[in-house]
Amino acid sequence: MTERKPMSSMAGFTLLEIMVALAIFATLAAAVLSASQYVLKQSSAVEQRLFAAWLADNQLNELRLQSRLEVGQQQRLVQMDQRDWQLRQHISATDDPRLLRADVHVSVPGREHTLHRATGWIPVRDE
C-alpha cells in the first residue's frame, strides 16, 4: 500500500509565490518599456541631427560651386525627408582676400535651437 503525503508537502507554488513573481515581472516590464521609449526618443533626435548635418554639408558644397558669392546673411526653407528645415547662412570676408568664410546653421522652422552648424572656406573666383 502506498503512503499518501500530506497536502503541505506536495510540490508546487503557493499563491503568495506566484504574486511575488508577477510583481517582479511587472516591474521589469515597466522598466523595459521606459527604456525603449527613451531609446526611441533619442533615435529621433539623432535622426534629426543627421539630416541637419547632411543639409549643412550640401549647402556648403552648393556655395563652393557658385561662381559668385555675396558677403552677407541669407535664410531659406528647404524640404528633406518630407520635413521642412530652416537654413541660415552667413558669408563673411577673411584676413586672406582669396577666401570667404561660410557659416551654415540648420534648425527646425519656428525654433531658434540650431541642430547642426557647419563652417567652410570658399575660394574667391576672379571673373
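Structure: see above.
For the structure given in this document, a descriptive report is provided here. The numbers attached to residues start from 1 for each chain and follow its sequence in the written order. With the structure being a predicted model, the display of local features is reserved for residues of pLDDT at least 70 and the display and counting of side-chain atom pairs for 80 or more, all residues being used for whole-chain, interface and lining totals. Think of the side-chain values as coming from all heavy atoms in the structure, minus any hydrogens and water.

## Remarks on the side chain of Arg 88
Moving on, step 1. Runs of E in the DSSP output that reach at least two residues are strands. Runs of H or I that reach at least four are helices, and both are numbered from the N terminus. Assignment of secondary structure puts Arg 88 in strand E2 (residues 83-93).
Moving on, step 2. Put simply, Arg 88 is tucked away with no salt bridge, and the nearest opposite charge, on Glu 112, sits 4.9 Å away.
Moving on, step 3. Counting of polar contacts relies on pairs of N or O atoms within 3.5 Å, with two restrictions inside protein: one atom must be capable of donating a hydrogen and the other of accepting it, and residues adjacent in sequence are counted only when both atoms are side-chain atoms. A distance of 3.2 Å separates the side chain of Arg 88 from the side chain of Ser 107, its partner in a polar contact.
Moving on, step 4. Here the side chain of Arg 88 touches Thr 114 through a polar contact of 3.2 Å, side chain to side chain.
Moving on, step 5. Residue contacts are counted whenever heavy atoms from the two residues lie within 4.5 Å of one another. When residues no more than four places from it in sequence are discounted, the contact partners of Arg 88 are Gln 74, Gln 75, Asp 103, Val 104, His 105, Ser 107, Glu 112 and Thr 114. Residue exposure (1.4 Å probe, protein chains only): buried if accessible area is under 20% of the type maximum, exposed if over 50%, otherwise partly exposed. Here Asp and Glu are counted as negative and Lys and Arg as positive; His is not counted, and neither are the chain ends. One side-chain nitrogen of Lys or Arg within 4 Å of one carboxyl oxygen of Asp or Glu is enough to make a salt bridge.

## A word on the pattern of salt bridges
Moving on, step 1. Under the criterion given, the structure shown has 5 salt bridges.
Moving on, step 2. For the salt bridge of Arg 76 with Glu 62, the shortest nitrogen-to-oxygen distance reads 3.5 Å. In this pair, Arg 76 sits in strand E1 (residues 72-80) while Glu 62 sits in helix H1 (residues 15-65), placing the two residues 14 residues apart along the sequence.
Moving on, step 3. With a shortest N-O distance of 3.1 Å, Asp 103 and Arg 101 are connected by a salt bridge.
Moving on, step 4. Taking the relative accessible area as the measure of exposure, Asp 103 reaches 11% and is therefore buried.
Moving on, step 5. What emerges from the salt-bridge pattern is a single network uniting Glu 47, Asp 81 and Arg 83.

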